[in-house]
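# What the coordinates show
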Amino acid sequence: MDNLLQRIELLGVPVDIVKPEDMEKVLFSLHDQAGIKQVIFISVWDLLKARRNANYMNCLKNAALVLPTSKSIIKGAKFLKLPIPERYNPFSTIISLMTYLETRYKSIYLLGGHKGSLMDSEKNIRSTYPGLQIVGRYVGYFPKSVERDVVSAIYKANPALVLVSEGIKKGEKWIYDRRNQFGSSIFIYHKDILNIFSLRKKRVSKETFQRGNEIWHEIFHNPMKLFLIFPFMWYKTLLICNRLFKKKK
């Protein structure tokens, strides 16, 4: 897989470069590797978070794949004259992985969400991917007292893929902090994935994502995200400072 995957650092944060035509082979390779494999999708906001959160930064550095979702990350790499990564739509990538696993009659575990969205997601996944075995599920927002049982259930089931959704506090970091307690599974956290599978939430359209306008979709549902303009300006400042510093060096 080494020749299909290149990892760069953008402002000190790891970002992986995988060509779209190679993604299927990379996912195949991940499945065959031993141990937990974490796939993480990062936006420009996640990149900024990693710079101030050491645990999250370690999570990214130890992930099997760190795939950018924001156009700003691609533009930032280009501005700093780094190898340019490809953007990936989290939903489309998850669908591709599930399709691959179904053709090989592999298994999946669903974790997170409320009971209704979890049960509807399971029903819809079974009907859409009849060859994909669902070996377990557990709702999110569970009390700390049952966490050990949840982790143990995932370990015993040892599914090919664990989809983690809302209701799992800290998301990717929850997975990373418990990485030694699981078997040999691919873990992906996507806050809205079960709500999308259960048809409770509409996914961002392919056209909207390709244009890089998904932020307006988010602002429409949460106007407070307009204030993201301030960390975005900080991101721009960091890029300019980084380029100037390199030139002086």
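Before any of the text, the structure's been laid out above.
Remember, it's a predicted structure, so these values are computed and weren't measured experimentally.

## Digging into a nonpolar patch on the surface
- A cluster of nonpolar side chains, namely Phe79, Ile240 and Leu244, defines an oily patch on the protein surface of about 260 Å² accessible area.
- Its location among the elements puts leucine 244 in helix 12 (residues 229-248).

## Quick word on the packing of aromatic side chains
- Throughout the structure, instances matching the rule amount to seven aromatic pairs.
- Taken together, a centroid distance of 4.6 Å and an interplanar angle of 45 degrees make the contact between phenylalanine 182 and phenylalanine 187 tilted. Grouping residues by exposure puts phenylalanine 182 and phenylalanine 187 together as buried.
- On the basis of an interplanar angle of 35 degrees and a centroid distance of 6.4 Å, the ring pair of phenylalanine 232 and tyrosine 235 is categorised as tilted. A residue pair is termed a helical-turn pair when its members lie 3 or 4 positions apart in one helix, as phenylalanine 232 and tyrosine 235 do in helix 12 at three residues.
- The class for tyrosine 235 is buried, based on a relative accessible area of 1%.
- Aromatic ring contacts, followed pair by pair, group Trp45, Phe232 and Tyr235 into a single cluster.
- Positioned above the aromatic ring of phenylalanine 28 is the side chain of arginine 104, whose terminal nitrogen or guanidinium carbon lies 4.8 Å from the ring centre.
- Looking at arginine 243, its charged tip hangs above the ring of phenylalanine 79, at a distance of 4.6 Å from the centre.

## Some remarks on the nonpolar core
- Counting 33 residues, the largest nonpolar core has Leu65, Met98, Leu161, Leu163 and Ile188 as its most contacted members.
- The element contributing the most residues to this core is helix 5 (residues 90-103), with six residues.
- With sequence-adjacent residues up to four places away left out, leucine 65 is seen in contact with Leu5, Arg7, Asp16, Val18, Met23, Val26, Leu27, Leu30, Gln38, Val39 and Ile40.
- In terms of nonpolar packing, the next biggest core, distinct from the first, is built from 27 residues, Met57, Cys59, Ile74 and Leu82 among them.

## Let's talk about the pairing of strand 1 (residues 6-10)
- Both strand 1 and strand 2 (residues 13-17) contribute to a ladder of five bridges, which runs antiparallel. Across the sheet, residue isoleucine 8 finds its bridge partner in strand 2, namely valine 15.
- The turn joining strand 1 and strand 2, which pair antiparallel and follow one another in sequence, is formed by two residues; a positive phi near 55 degrees is taken by leucine 11.

## Concerning the pairing of strand 2
- The buried fraction of strand 2 is high, at five of five residues.
- A two-sided burial pattern is seen for strand 2, the buried positions comprising Val13, Val15 and Ile17 on one face and Pro14 and Asp16 on the other.

## So, the side chain of lysine 37
- Positionally, lysine 37 belongs in strand 3 (residues 37-42).
- Of the polar contacts made by the side chain of lysine 37, one reaches the backbone oxygen of glutamine 33; its length is 2.7 Å.

## Observations regarding the pattern of salt bridges
- Scanning all chains against the criterion turns up seven salt bridges.
- The partner of aspartate 120 in a salt bridge is arginine 200, with the nearest N and O atoms 2.6 Å apart. Of this pair, aspartate 120 sits in helix 6 (residues 115-128) while arginine 200 is found in the loop between helix 9 (193-197) and helix 10 (206-211), placing the two residues 80 residues apart along the sequence.
- Judged by relative accessible area, which is 30%, aspartate 120 ranks as partly exposed.
- Taking the relative accessible area as the measure of exposure, arginine 200 reaches 48% and is therefore partly exposed.
- The salt bridge involving glutamate 147 is made with arginine 178; its shortest N-O contact spans 2.8 Å. Of this pair, glutamate 147 sits in helix 7 (residues 147-157) while arginine 178 sits in the loop between helix 8 (172-177) and strand 8 (186-189), placing them 31 residues apart in sequence. In this pair, the class of glutamate 147 matches that of arginine 178, namely buried.
- The network of salt bridges with shared partners includes Glu122, Arg126 and Arg137.

Rules behind the numbers
Residues numbered from 1 in each chain as written. Predicted model: local features only at pLDDT ≥ 70, side-chain atom pairs only at ≥ 80, totals over all residues. Heavy atoms only, no water. Patch = residues over 30% accessible without salt bridge, like charges linked within 9 Å, V, L, I, M, F, W, Y side chains within 5 Å. Areas by Shrake-Rupley, 256 points an atom, 1.4 Å probe, with all protein chains shown as cover. Salt bridge = Lys/Arg side-chain N within 4 Å of Asp/Glu carboxyl O. Helix = DSSP H or I, 4+ residues; strand = E, 2+ residues; numbered from the N terminus. Phe/Tyr/Trp six-rings, centres within 6.5 Å; stacked < 30°, edge-to-face > 60°. Buried < 20%, exposed > 50% of the residue type's maximum accessible area, 1.4 Å probe, protein only. Lys NZ or Arg CZ within 6 Å of the ring centre and 35° of its normal. Core = buried A, V, L, I, M, F, W, Y, C linked by side-chain atoms within 4.5 Å. Contact = heavy atoms within 4.5 Å. Pairing = 2+ DSSP bridges. Polar contact = N/O pair within 3.5 Å; in protein donor to acceptor, adjacent residues only side chain to side chain.

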